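# Per-entry structural report
Chain by chain, the residues:
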Amino acid sequence: MTVSIVLFTSDLRLHDHPPLRAATEADQVVPLFVRDPGVDGAGFAAPNRLAFLADCLRDLDAGLRERGGRLVVRSGPVVEEVCKVAAETDADEVHMAADVSAYAHAREVRLRRALEAEGRRLHVHDTVTTAVAPGAVTPAANDHFAVFTPYFRHWSDVQLRPALGAPRVVRVPDGVGSDPVPARSALTGLSPDLAEGGEERGRGLLTSWLRTGIGAYEDRHDDLAGDATSRFSPHLHFGTLSPVELVHRARKAGGPGAEAFVRQLCWRDFHRQVLASDPDTATVDYRTKRDVWRDERDAGEDIAAWKEGRTGYPVVDAAMRQLHHEGWMHNRGRLLTASFLTKTLYVDWRVGARYFLDLLVDGDVANNQLNWQWMAGTGTDSRPNRVLNPVTQAKRYDPDGAYVRRWVPELASLQAPQVHEPWKLRGLDRAAIDDYPDPVVELSEGLARFKQARGLD
Ligand code: FAD
């Protein structure tokens, strides 16, 4: 009788899951998830993500039960717990997905060593959490691409493995103890309109996206009020959707919308290959501009206003309030709030990245930190000193002001263009919105400070 363990991490699905497929070649499989306090210690846990995770685990357990199995949940340091389960079940092999953070890398190294010391093997599978594995395509003189466009070209030429179906039967050995599968209801401090997790939900979204969303993606993905993006990001973060399968299905759908969408999936792999080769970029500038950021105490009021969505710039405030309410923010909102914090307010990108990670249901070390760096100009952007003007951006991506009115009720009575520049109102009109703050800084002042700090005059 052979037993394998499949260790689920950020790949909480049954469809297109190479480690699970490989593990089911043994007579019996232990589908294992370990709640590791080290993850909280590394700053990865946040109530919104824990809630989404709980949904995913419950759904995974339900899917396994439909196939005759169940999910085994353990709590404790991951290496210890995996070794315990392996000893209890006399498992020969452990299968898991490759991942890119420093934490994931250290986990893999320690787990391999501990298992090998007991005569067991660890198999780490690529292309579970990415479409193309980090390092699978590289430029001539580097171990990763530092520029997106050539990466996209090479990435597009890679022949992807076929997507795998879900296993029909999963046989779990009898008597393996499990903690209860966590429930969202046990958590507090959640965003009121947080998305629901789980593979079933993710696959439902995928079906309707392919039917009605993807065709218009190229034209509408930047429309703030239109909300016309896929909203797959938490499903990609927790692995309830497979990047390989998404690329295949989008390519099959075809058309300019699908092409633009696949390009975004490539951005995700791009950041992952940067982080995999240089894990320090989670906290350290990728290409430093020698910024001497404003002291956080001196900038304290500005930072608080940004966090609360009370900067006096309506589109910035709308986006920050969407973040609080949904634990998610439109990509255009992320770009312009990040530009506002790092460039207009000249606050360290790590302050913003940390705050996003506290709230985002899709909060992801690779995507969050490297997008923050991109916008701060310390990352891979070839125009590192670009500054997004929140008024111009609002007029372009929220032309009639619907996004601002939805999220900033103080301004719900205003139309464009006033809704984007309420400080221009006078007299009774101004009095009608007097609970909305004045701008924390003049845009010209912010720009001058940034240019001086970067020596751009
Ligand atoms: P869609 O537009 O439907 O795109 C499909 C998928 O492509 C997304 O789910 C995502 O996985 C990927 N994608 C899209 N845009 C990007 C991008 N710019 N970089 C990398 N991958 C992308 N994304 C996260 O998943 N987690 C984060 O923590 C995160 N933090 C961000 C912080 C900042 C400052 C910025 C500017 C962007 C951040 N993004 C992050 C990227 C992007 O904003 C989100 O992935 C996207 O808004 C999610 O919505 P969607 O699933 O509807 O995206």
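Keep in mind it's a predicted model, so treat the numbers as computed, not measured.

### Observations concerning the site of the ligand
Around the ligand lies a shell of 28 residues, among which Tyr217, Thr229, Ser230, Arg231 and Asn331 are the nearest. Between the ligand and the protein, one listed contact pairs a nitrogen atom with a backbone N or O atom of aspartate 362 at 2.9 Å. Within the side chain of asparagine 367, a nitrogen or oxygen atom sits 3.1 Å from an oxygen atom of the ligand. Within the complex, the protein chains bury 97% of what would otherwise be the 820 Å² of accessible surface of the ligand. Taken atom by atom, the bulk of the ligand overlaps the largest pocket. Secondary-structure elements contributing two or more residues to the shell around the ligand are α9 (233-238), α11 (256-277), α14 (331-344) and α16 (365-376).

### A look at the side chain of aspartate 222
Looking at the secondary structure, you find aspartate 222 in the loop between α8 (217-220) and α9. For aspartate 222, the side chain forms a polar contact with the side chain of arginine 332, separated by 3.1 Å. Setting aside residues no more than four positions away along its own chain, aspartate 222 makes contact with His330, Arg332 and Tyr397.

### Examining the domain arrangement of the protein
Taken domain by domain, the protein comprises domain 1 (3-126), domain 2 (130-160 + 200-277) and domain 3 (296-453). The distance between the C-alpha centroids of domain 1 and domain 3 comes to 39 Å. Contact residues are listed per partner, giving 7 residues for domain 1 and 10 residues for domain 3. Both sides of the domain 1 and domain 3 interface together cover about 640 Å² of buried area, and 55% of this is carbon and sulfur. For the pair domain 1 and domain 3, the interface holds 3 residue pairs in polar contact (both at pLDDT 80 or more). Residues that form the side of domain 1 that touches domain 3 fall into these classes: 4 nonpolar, 2 polar and 1 charged.

### What to know about the packing of helix α12 (residues 300-308) against helix α15 (residues 349-359)
Relative orientation of the contacting elements α12 and α15 amounts to 35°, with a least axis distance of 12 Å. For α12 against α15, the interelement crossing comes out right-handed. For the pair formed by α12 and α15, the contact residues are Ile303, Trp306 and Lys307 on the first element and Val351, Gly352, Tyr355 and Phe356 on the second.

### Some thoughts on the sheet that holds strand β2 (residues 28-35)
In spatial order, the strands read β3-β2-β1-β4-β5; together these 5 strands make up an open sheet with parallel pairing. Looking along the sheet, the strands with just one partner apiece sit at the ends: β3 (72-75) and β5 (121-125). Going across the sheet, the axis of each strand differs from the next one's by a mean of 30°, ignoring polarity. Two strands pair when backbone bridges link them, and β2 and β3 are joined in this way by 4 bridges, in the parallel orientation. What sits directly across from phenylalanine 33, in β3, is valine 73. Across the face of the sheet, helix α4 (residues 78-89) comes into contact with β1 (3-8), β2, β3 and β4 (93-97) while running at roughly 155° to β2.

### Points about the nonpolar core
Core analysis: the largest hydrophobic core is formed by 48 residues, its most contacted members being Trp306, Val315, Phe356, Trp372, Tyr403 and Leu411. Every residue in contact with phenylalanine 356, bar those within four places of it in the chain, is listed here: Trp306, Met320, Leu323, Met329, Arg334, Thr337, Asn368 and Trp372. If you look at the next biggest cluster of nonpolar residues, it comprises 35 residues, including Phe145, Phe232, Val262 and Leu370.

Rules used throughout
- Residues numbered from 1 in each chain as written.
- Predicted model: local features only at pLDDT ≥ 70, side-chain atom pairs only at ≥ 80, totals over all residues.
- Heavy atoms only, no water.
- Near = heavy atom within 4 Å.
- Polar contact = N/O pair within 3.5 Å; in protein donor to acceptor, adjacent residues only side chain to side chain.
- Areas by Shrake-Rupley, 256 points an atom, 1.4 Å probe, with all protein chains shown as cover.
- 1 Å grid on protein atoms, 1.4 Å probe; cavity = no way out; pocket = protein on both sides within 12 Å on 5 of 7 lines; lining within 4 Å.
- Sits in = over half its atoms within 2 Å of the grid points.
- Helix = DSSP H or I, 4+ residues; strand = E, 2+ residues; numbered from the N terminus.
- Contact = heavy atoms within 4.5 Å.
- Domains from an automatic or database assignment.
- Buried area = accessible area lost by both parts, 1.4 Å probe.
- Nonpolar A, V, L, I, M, F, W, Y, C, P; charged D, E, K, R; others polar.
- Axes fitted to C-alpha atoms, helices over the stretch in contact; angles between N-to-C directions.
- Left-handed = near helix turned anticlockwise from the far one by under 90°.
- Pairing = 2+ DSSP bridges.
- Core = buried A, V, L, I, M, F, W, Y, C linked by side-chain atoms within 4.5 Å.
- Buried < 20%, exposed > 50% of the residue type's maximum accessible area, 1.4 Å probe, protein only.

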